[in-house]
Amino acid sequence: MNKLTTIKNRSKGFTIVELMVAATLGILILAGAISMFVSNKRIYTEQEEMSRLQENARFAMNMLVYDLRMAGYVGCTGSLDQVGNRINGGTDATDLYFFEPIEGSESAANWEPGNSTDEVSSMNANSDAITIRYLAPTDINVMNPAMTPGSNQIHVSSESGLEQGDAVSISDCGSSDIVIITANPATVSCAAGQESSGPADTCKTNITYAPGTPPTGAEPGNASATLSKTYDQQAELLRYITHRYYVGNDPAGNPALFRQSKFNQVDLMVEGVENMQIMYGEDTTGSDSIADTYVNAATVANWEDVVSVRISILVRSIQEYGGDKDSTTYKLLGNDVGPMNDRRRRRVFTATVDVRNRSLQ
């Protein structure tokens, strides 16, 4: 009888001490789970932001390095002296389309050496900028008849991918002429079963480069349609590339790398680029295409002697995260940038690039 009573008393429930111990253990387990979740979330955010920062930096540097390596390229013509620029303003050193392979702006000052004010008002005051120009190779072949006298047209292989407003060059190894396409190219239908390389050359695209007041979308138009020669099928078509790179602010006030590539076209290329510093390597002795000194854009003695460019960018994470503030002062080619006093992470990326086409001119 006593044994049954004892078992019955024990089955009545938990004591207050047992409940408190269980609650405490539950709270500890829950706190551990929350702590692990918060820690994992922090690590994930940090890895995501740093990966994005590095991806943005890689894209920006690859884009700048590629353009710098191409600066001054004019195809098999080989010399800027053999390039005729027929675009409105193309002979004016202050114009976007003037064929100076490299220009620089020191801390948002006017462009050197042409003294242009293009996009200067949009640049961040403590950051440098650079302009790069070249003729980019294409797979666009000139076809018979290469040019029709009096029609202001160049005939090239079909599916050229060109459009109104593009700047192009028709070029052979003797000379080159740069024009603006003033109408969307018209493709002539091929004869049945005929390829674009067929013997009759009836399947082609007509590229129009009319002079005078340009239609909307073809600004700034052409000053002249008189080219240096009548080109034949030995010629090729190249794109005339003009890229002005600078650091400015997007509509939300965040810094980014911008690029002006046409008369009225400016694109945000890479977000998070906070500062850009540039030094220009001049070959001042020996004419051996090796930089003897590096100077900023304001102190370049002769832009024709610039044979390399050293460029450094400061890239930040897009979002703020964590509790630590960034109080670092960053060094970009000897220039102090910072401290920033926010919770973003930053990295400096630097490259030195040879302007390879200088040695060919």
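Further up the page is the structure itself.
A brief report on the enclosed structure follows. Values in this document were obtained by computation on a predicted structure and should not be read as measured data. (Residues numbered from 1 in each chain as written. Predicted model: local features only at pLDDT ≥ 70, side-chain atom pairs only at ≥ 80, totals over all residues. Heavy atoms only, no water.)

## Quick notes on the overall build of the protein chain
Summing up its helical and strand segments, the protein chain has two helices and 18 strands in all. A burial count over the protein chain gives 45% of its 361 residues as buried. Nonlocal contacts in the protein chain, meaning residues at least 24 apart in sequence, comprise 65% of its contacts between residues at least 6 apart. Per element, the accessible surface of the protein chain, about 18300 Å² overall, is 50% carbon and sulfur. (Helix = DSSP H or I, 4+ residues; strand = E, 2+ residues; numbered from the N terminus. Buried < 20%, exposed > 50% of the residue type's maximum accessible area, 1.4 Å probe, protein only. Contact = heavy atoms within 4.5 Å. Areas by Shrake-Rupley, 256 points an atom, 1.4 Å probe, with all protein chains shown as cover.)

## What to know about the packing of aromatic side chains
Across all of its chains, the model carries four aromatic pairs by this definition. With a centroid separation of 5.1 Å and an interplanar angle of 50°, the aromatic rings of Phe99 and Tyr240 are classed as tilted. With Phe99 in the loop between β1 (83–85) and β2 (102–105) and Tyr240 in strand β10 (residues 236–249), this pair connects stretches of sequence that are 141 residues apart. In this structure, Phe99 and Tyr240 share a single accessibility class: buried. An angle of 65° between the planes, with centres 4.9 Å apart, marks the rings of Tyr280 and Trp303 as edge-to-face. With a gap of 23 residues between them, Tyr280 in strand β13 (residues 273–282) and Trp303 in the loop between β14 (293–295) and β15 (306–316) connect regions that are remote in the sequence. The buried category is assigned to Trp303, whose relative accessible area is 6%. Just above the ring of Trp111 sits the side chain of Arg244; from NZ or CZ to the centre is 4.7 Å. Its end group placed over the ring of Tyr321, Arg345 keeps NZ or CZ at 4.8 Å from the ring centre. (Phe/Tyr/Trp six-rings, centres within 6.5 Å; stacked < 30°, edge-to-face > 60°. Lys NZ or Arg CZ within 6 Å of the ring centre and 35° of its normal.)

## Describing the pairing of strand β5 (residues 153–157)
Of all the five residues making up β5, four are buried; the element is thus mostly covered by neighbouring parts of the structure. By the bridge criterion, three bridges tie strand β4 (residues 142–148) to β5 in an arrangement that is antiparallel. Across the sheet, the residue bridging to Met147 is Ile154, located in β5. In textbook terms, the turn of a hairpin is the stretch between consecutive antiparallel strands, and for β4 and β5 this stretch comprises four residues, one of which, Gly150, has a positive phi near 85°. (Pairing = 2+ DSSP bridges.)

## Here's the deal with the sheet that holds β13
Strand order in the open sheet formed by four strands is β14-β13-β15-β18, and the pairing between neighbours is antiparallel. Unpaired on one side and paired on the other, β14 and β18 (346–354) mark the two borders of the sheet. Neighbour-to-neighbour, the strand axes of this sheet turn through a mean angle of 20°, independent of strand direction. Taken together, the nine bridges between β15 and β18 define a ladder with antiparallel strand orientation. Counted as the bridge partner of Val309 is Val353 from β18. (Axes fitted to C-alpha atoms, helices over the stretch in contact; angles between N-to-C directions.)

## Points about the nonpolar core
By size, the foremost hydrophobic cluster in this structure holds 38 residues, and its most contacted members are Ile102, Ile130, Tyr245, Leu257, Met276, Tyr280 and Val309. Of all the secondary-structure elements, those providing two or more residues to this core are α2 (16–70), β3 (129–136), β10, β13, β15 and β18. Setting aside its immediate chain neighbours within four residues, Ile102 contacts Leu68, Ala71, Pro113, Ile130, Thr131, Tyr280, Trp303, Val306, Val309 and Val355. Within the second largest apolar cluster, 18 residues are counted, among which are Val156, Ile181, Ile207 and Tyr231. (Core = buried A, V, L, I, M, F, W, Y, C linked by side-chain atoms within 4.5 Å.)

## A closer look at the pairing of β3
The buried count for β3 comes to eight of eight residues, which makes it a mostly enclosed element. Across eight bridges, the pairing between β3 and β10 is antiparallel. What sits directly across from Thr131, in β10, is Arg244.

## A look at the pattern of salt bridges
Counting across every chain of the model gives 17 salt bridges. Of the charged contacts, one joins Glu163 and Lys262 as a salt bridge, the two residues approaching to 3.9 Å between their closest N and O atoms. Placement of the pair is Glu163 in the loop between β5 and β6 (167–171) and Lys262 in strand β11 (residues 255–262), with a sequence separation of 99 residues. On the accessibility criterion, Glu163 (43% relative accessible area) is partly exposed. A salt bridge links Asp342 to Arg344, with the shortest nitrogen-to-oxygen separation between them at 3.5 Å. Taking relative accessible area as the criterion, Asp342 reaches 11% and is therefore assigned buried. (Salt bridge = Lys/Arg side-chain N within 4 Å of Asp/Glu carboxyl O.)

## A word on unusual backbone geometry
Phi is mostly negative for residues that are not glycine, and the peptide bonds are mostly trans. Cis peptide bonds are those with omega within 30 degrees of zero, and the linkage from Glu112 to Pro113 qualifies with 5°. You can see Pro113 is positioned in the loop between β2 and β3. Here the residue pair Glu219 and Pro220 is connected by a cis peptide bond, since its omega of 5° sits within 30 degrees of zero. With respect to the helices, strands and loops of the structure, Pro220 is situated in the loop between β9 (204–208) and β10. Residues other than glycine seldom take positive phi values, yet Asn115 does so here, at roughly 70°.

## Some details on the side chain of Ser127
You can see Ser127 is positioned in the loop between β2 and β3. Classification of Ser127 by relative accessible area gives buried; the value is 1%. Excluding residues within four positions of it along the chain, Ser127 makes contact with Ser107, Ala108, Val247, Asn275, Met276 and Gln277.

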